[in-house]
Each structure stands twice: as structure tokens, then as C-alpha cells.
Amino acid sequence: MTGWRLGYIAGPKHFVAACNKIQSQSTSGASSIAQKAGVAALGLGYAGGEVISTMVKAFRERQDFLFKSFGELEGLKISEPQGAFYLFIDFSSYYGIEVEGFGKIENSESLCRYFLDNAQVALVPGDAFGDDSCIRISYAASLTTLEAAFERIKKALISLGPAVSV
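Residues numbered from 1 in each chain as written. Predicted model: local features only at pLDDT ≥ 70, side-chain atom pairs only at ≥ 80, totals over all residues. Heavy atoms only, no water.

### A few points about the environment of I78
Line of reasoning, step 1. With respect to the element layout, I78 can be found in strand β1 (residues 77-78).
Line of reasoning, step 2. What makes I78 partly exposed here is its relative accessible area of 21%.
Line of reasoning, step 3. It is 9.1 Å that separates the C-alpha atoms of I78 and F91, two residues lying 13 residues apart in sequence. (Helix = DSSP H or I, 4+ residues; strand = E, 2+ residues; numbered from the N terminus. Buried < 20%, exposed > 50% of the residue type's maximum accessible area, 1.4 Å probe, protein only.)

Have a look at this one:
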């Protein structure tokens, strides 16, 4: 249920009660549409059958493509995701580069802005997740879209010149 922001917890009563105290102060209730979608998803049964199997296969194919493709680019550090639908890639070797007409790439936010301006690809700065050396790249889009986005990111990186040793 990617993006629906719906979940539940099961565990010892004291643990669930403590989690409820935290959650009740940080989020609001799930919308009725998300609740109905959750019921429908649970109705698919354990592992979701063929529908979920097809989705899992598509997400694995997208993940494998991006992991391999970004892994071949110089200056990037990448770890294989262990269950998420995004990659968290260290691009910090490109920080400090001055770009004519853009300015200096100083951090994840400025590099994301650079990619948006020069590759027309929207990415999420890692500082939003506590690691400014990284950028989050979602693969919750079609493989065709991801292939095109990767090529545009690669071209934008090449135009920066070689990565800086960190």
C-alpha cells in the first residue's frame, strides 16, 4: 500500500500502549478511503496472491535496474534496499562543484535542485532523513519512466565533470 500512510501494530499490550501515546501526538486518523483500501488489501489474504506477486516482481525489476545502473556510476556509494521502494544514494562526492549558471552544489538540497533544473527529475534531499550526503530516489514509477530519469541524471552528472574524492 505504497503511499497510503496506513498501518497497524501488534504486540504486547504495554508496548502497543506506549506506541499509541507517541502516535496519537504525531499523526491524525487515516482517511476513510485509506481505511477501505486497507481492508481490501487485507482481503487479498496472506502475501496477496497473484496481484501482489506481480507487483513485487515489478518493484524488484525496478530496484535491480536502478541499483545496477547507479552502482556503475563513478563517485556514488549505494547500498541495496532491504524492503523499501527507494534507494538512498551517497552523492557527496559531487558536493563542492561550481556549476556555471547554477552556482555551487553544496549539499543534498542543492544537488536535488540541480537535477530538477538540469535533468527535469525530482528527487528528495537526504537531509530530510538525517543524512545530507544522500539523495532518496523512489522506484514507485514505471520501469520506462525510471530508465529515462536515470539517463537524464547520468547526463547531468557527466556534465558536472568527475566526482571529487571524499
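Okay, back to it.
### What to know about unusual backbone geometry
Line of reasoning, step 1. Not every positive phi belongs to a glycine, and Q120 is a case in point at roughly 55°.
Line of reasoning, step 2. Note on placement: Q120 falls in the loop between α4 (108-119) and β5 (124-125).
Line of reasoning, step 3. On the accessibility criterion, Q120 (52% relative accessible area) is exposed.

### So, the pattern of salt bridges
When the charged atoms of two side chains lie near each other, side chains of opposite charge can form a pair.
Line of reasoning, step 1. On inspection of all chains with the given rule, the structure shows four salt bridges.
Line of reasoning, step 2. Across the salt bridge formed by D64 and R60, the nearest N and O atoms sit 3.5 Å from each other. Of this pair, D64 and R60 both sit in helix α3 (residues 49-71), separated by four residues, roughly a single helical turn.
Line of reasoning, step 3. Owing to a relative accessible area of 36%, D64 belongs among the partly exposed residues under this scheme.
Line of reasoning, step 4. You can call R60 partly exposed: its relative accessible area is 41%.
Line of reasoning, step 5. One salt-bridge network, held together by shared partners, links R60, D64 and E80. (Salt bridge = Lys/Arg side-chain N within 4 Å of Asp/Glu carboxyl O.)

### Some thoughts on helix α5 (residues 143-160)
Line of reasoning, step 1. Over its 18 residues, α5 runs 26 Å from end to end, which matches the ideal 26 Å to within 8%, given 1.5 Å per residue.
Line of reasoning, step 2. Turning to α5, the residues buried within the fold contact α3, β3 (98-99), α4 and β6 (134-138).
Line of reasoning, step 3. Looking one or two places after α5, you find G161, whose phi comes out positive at around 90°. (Expected span 1.5 Å × (residues − 1). Contact = heavy atoms within 4.5 Å.)

### Regarding a nonpolar patch on the surface
Line of reasoning, step 1. A surface patch of nonpolar side chains, amounting to about 300 Å² of accessible area, comprises W4, L6 and I33.
Line of reasoning, step 2. Examined against the element boundaries, I33 turns out to sit in helix α2 (residues 32-42).
Line of reasoning, step 3. Among the residues examined, I33 registers a relative accessible area of 59% and is labelled exposed. (Patch = residues over 30% accessible without salt bridge, like charges linked within 9 Å, V, L, I, M, F, W, Y side chains within 5 Å. Areas by Shrake-Rupley, 256 points an atom, 1.4 Å probe, with all protein chains shown as cover.)

### Some thoughts on the pairing of strand β2 (residues 86-90)
Line of reasoning, step 1. Note that β1 and β2 share two bridges and pair antiparallel. Each bridged residue has a counterpart across the sheet, and for I78 the counterpart in β2 is I89.
Line of reasoning, step 2. Relative to β6, β2 runs antiparallel, the two sharing five bridges. Bridging from a neighbouring strand, F88 pairs with R136 of β6. (Pairing = 2+ DSSP bridges.)

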